[in-house]
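So you can see what is in the structure, the chains are spelled out below.
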Amino acid sequence: MMEYNRRRKASAAKATQLDLDALNAIYGTRFRHGQQVIVRGHRYTVIGAKWGAWLRVKNDKGKFGCRPYDAYPVINLSGTVTFDGWTMGPNGKLKIKKG
């Protein structure tokens, strides 16, 4: 049964990726199934494309469609980044220097 579920999930991901490839060709983006993105300040997982124009995303609160230009890939930092008075660590905490 576990093998059946794994194969079913893999075939669904392949079919979904075809829709995403069409969306990527139209908009010049690089989205893939299962990718983490930020939409409206919240983290979502890409689950597919709809009509070649909408990106389908989900999180624990639900699923919805958004324009591909509204979704930004999540960037994981490997170290600390410092720029003009602010510092961000790999855990995502932002520290702003006062003064």
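Refer to the structure printed above.
Note that this is a predicted model, so its numbers are computed, not measured.

Here is what the cut-offs are and how they apply
- Residues numbered from 1 in each chain as written.
- Predicted model: local features only at pLDDT ≥ 70, side-chain atom pairs only at ≥ 80, totals over all residues.
- Heavy atoms only, no water.
- Phe/Tyr/Trp six-rings, centres within 6.5 Å; stacked < 30°, edge-to-face > 60°.
- Helix = DSSP H or I, 4+ residues; strand = E, 2+ residues; numbered from the N terminus.
- Buried < 20%, exposed > 50% of the residue type's maximum accessible area, 1.4 Å probe, protein only.
- Lys NZ or Arg CZ within 6 Å of the ring centre and 35° of its normal.
- Polar contact = N/O pair within 3.5 Å; in protein donor to acceptor, adjacent residues only side chain to side chain.
- Contact = heavy atoms within 4.5 Å.
- Pairing = 2+ DSSP bridges.
- Axes fitted to C-alpha atoms, helices over the stretch in contact; angles between N-to-C directions.

Would you mind going over the packing of aromatic side chains with me for this structure?
Think of a pair of aromatic rings as described by two things: how far the centres are apart, and how the planes are tilted against each other in angle. Under the definition given, this model contains 2 aromatic pairs. With 5.3 Å between their ring centres and 90° between their planes, Tyr27 and Tyr69 make a pair best called edge-to-face. Here Tyr27 is found in helix H1 (residues 2-27), whereas its partner Tyr69 is found in the loop between strand S4 (62-66) and strand S5 (71-73), with 42 residues between them in sequence. Centre to centre, the rings of Tyr44 and Phe64 are 5.1 Å apart; their planes meet at 85°, and the pair counts as edge-to-face. Highlighted residues: Tyr44 in strand S2 (residues 42-50) and Phe64 in strand S4, separated in sequence by 20 residues. You'll find Tyr44 and Phe64 in the same group, each marked buried. Looking at Arg67, its charged tip hangs above the ring of Trp54, at a distance of 4.6 Å from the centre.

Any chance you could explain the side chain of Thr29 here in plain terms?
Its place among the elements puts Thr29 in the loop between H1 and strand S1 (36-39). At 2.7 Å, the side chain of Thr29 forms a polar contact with the side chain of Asn24. For Thr29, the residues in contact, after removing those within four places along its chain, are Leu23, Asn24 and Pro68.

I tried to follow the pairing of strand S3 (residues 54-59) on my own but got confused; where do I start?
Within a regular strand, the side chains alternate between the two sheet faces. Pairing of S2 with S3, which is carried by 5 bridges, proceeds in the antiparallel orientation. Each residue of the ladder has a partner; that of Lys50, found in S3, is Trp54. Two successive antiparallel strands, S2 and S3, enclose a turn made up of 3 residues, where Trp51 displays a positive phi of approximately 60°. Note: S3 against S4, 5 bridges, orientation antiparallel. Across the sheet, residue Leu55 finds its bridge partner in S4, namely Cys66. Hairpin connection, S3 to S4: the antiparallel pair is bridged by 2 residues.

Which parts of the structure should I look at to understand the sheet that holds strand S7 (residues 86-88)?
With antiparallel pairing, the 3 strands of this open sheet are ordered in space as S6-S7-S8. With partners counted over all chains shown, the strands left at the sheet margins are strand S6 (81-83) and strand S8 (94-96), one partner each. Neighbour-to-neighbour, the strand axes of the sheet open up by a mean angle of 15°, direction not taken into account. Inspection of the sheet shows S7 paired to S8 by 3 bridges, in the antiparallel sense. The partner of Trp86 across the bridge, within S8, is Ile96.

Please explain the sheet that holds S1 as it appears in this structure.
Strand pairing in a sheet takes place through backbone hydrogen bonds and is either antiparallel or parallel in direction. Spatial ordering of the open sheet is given by S4-S3-S2-S1-S5, a layout of 5 strands whose pairing is antiparallel. Each edge of the sheet is formed by a strand with only one pairing partner; in this case those strands are S4 and S5. Going from strand to strand, the sheet's axes swing by 45° on average, the running direction of each strand aside.

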